[in-house]
Amino acid sequence: MNGTVRPQAGAWHCRPARAALRALGLVLAVPVALAGCATVHEPGWQGRDATPFDTAERECRAVAAADTAAFERCMAQHGWTRPVQ
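Bear in mind that the values here come from a model prediction, so they are computed numbers and not experimental data. Numbering of residues starts from 1 in each chain and follows the order in which that chain's sequence is written. Where totals are concerned, whole chains, interfaces and linings use all residues; where local detail is concerned, this predicted model gives features only for residues with pLDDT of at least 70, and gives and counts side-chain atom pairs only at 80 or more. Derived side-chain values reflect all non-hydrogen atoms in the structure, with water molecules and hydrogen atoms excluded from consideration.

Participant: What is the right way to look at helix α2 (residues 53-64) in this model?
Facilitator: Helix and strand definitions follow DSSP, with helices as H or I runs of at least four residues and strands as E runs of at least two, each counted in order from the N terminus. A helix is expected to reach a length of 1.5 Å times the quantity of its residues less one. For α2, with 12 residues, the first-to-last C-alpha span of 16 Å sits near the 16 Å given by 1.5 Å per residue. Of the positions making up α2, those classed as buried are F53, A56, E57, C60 and A64. Viewed along the axis of α2, the buried residues span an arc of 95 degrees, placing them on a single side of the element. Set apart from the buried face of α2 by more than 90 degrees, the exposed residues are R58 and A62. On its buried face, α2 sits against α3 (68-77) and β2 (80-81). Of the residues trailing α2, A65 is marked for its positive phi of about 50 degrees. Each residue is placed in one exposure class: buried if its accessible area under a 1.4 Å probe, protein chains only, is under 20% of its type's maximum, exposed if it is over 50%, and partly exposed if it falls in between. Each C-beta atom gives one direction from the helix axis, and the arc is the one those directions make. Any two residues whose heavy atoms approach within 4.5 Å are treated as being in contact.

This is the structure we're talking about:
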């Protein structure tokens, strides 16, 4: 050999695979991270000096289950109201 440095066997073909795995990881990680931040609720709730909405919603859904009137009473106890439309 005349001073030429040869790559280790398999070193070059691994780079595209590693890049693809990194890209796949980002594609999968972003929606998971955003899902942790997202809250699904109906718009129009208003609160003043209220319990944080996510906390109130979680507690009221646990207590009221499918009873809409009970859910709204619970939310009101936490300082959240929804204007009548």
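Participant: What am I meant to see in the packing of aromatic side chains here?
Facilitator: Each aromatic ring pair is characterised by the separation of its centres together with the angle its planes make. Classification of ring pairs rests on two measures: the distance between centres of Phe, Tyr or Trp rings, Trp counted by its six-membered ring, which must be within 6.5 Å, and the angle between planes, read as stacked under 30 degrees, edge-to-face over 60 and tilted in between. Per the stated rule, a full pass over the model turns up 3 aromatic pairs. Between the aromatic rings of W45 and F53, the centroid separation amounts to 6.2 Å while the plane-to-plane angle is 55 degrees, which identifies the pairing as tilted. Residue classification places W45 among the buried positions, given a relative accessible area of 12%. A residue is classified by how much of its surface remains accessible, and F53, at 12% relative accessible area, is buried. Considering the side-chain rings of F53 and W80, the 5.0 Å spacing of their centres and the 90 degrees angle between planes classify their relative orientation as edge-to-face. Here F53 is found in helix α2, whereas its partner W80 is found in strand β2, with 27 residues between them in sequence.

Participant: Can you walk me through the pattern of salt bridges in this structure?
Facilitator: One side chain can pair with another of opposite charge once the charged atoms of both are near each other. When a carboxyl oxygen of Asp or Glu lies within 4 Å of a side-chain nitrogen of Lys or Arg, that pair is called a salt bridge. Using the criterion set out here, one finds 2 salt bridges in the structure. Residues R61 and E57 are paired through a salt bridge, measuring 3.5 Å at the closest nitrogen-oxygen approach. Note that R61 and E57 are positioned in helix α2 at a spacing of 4 residues, about one turn of the helix. E57 gets classed as buried once you look at its relative accessible area, which sits at 9%.

Participant: Even after reading the chapter, I still don't get unusual backbone geometry, so can you show me in this structure?
Facilitator: Peptide bonds are, in most cases, trans, and in most cases residues other than glycine have a negative phi. A positive phi angle, close to 50 degrees, is found at D49, a residue other than glycine. You will see that A65, though not glycine, has its phi angle at about 50 degrees, which is positive. Along the chain, the position of A65 falls in the loop between α2 and α3. By relative accessible area, A65 is classed as exposed at 58%.

Participant: How do you make sense of the state of the cysteines when you look at a structure like this?
Facilitator: As used here, a disulfide is simply a covalent bond connecting the sulfur atoms of two cysteines. Disulfide assignment relies on a single distance test, namely cysteine sulfur atoms paired within 2.5 Å. All chains considered together, the criterion is met by 1 disulfide. Across the disulfide from C60 sits C74; the S-S distance is 2.1 Å. Residues C60 and C74 are joined by a disulfide whose S-S torsion is about -80 degrees; by sign, that bridge is left-handed. Taken together, the residues span a long stretch of sequence, with C60 in helix α2 and C74 in helix α3 at a distance of 14 residues. One exposure class covers both C60 and C74, and it is buried.

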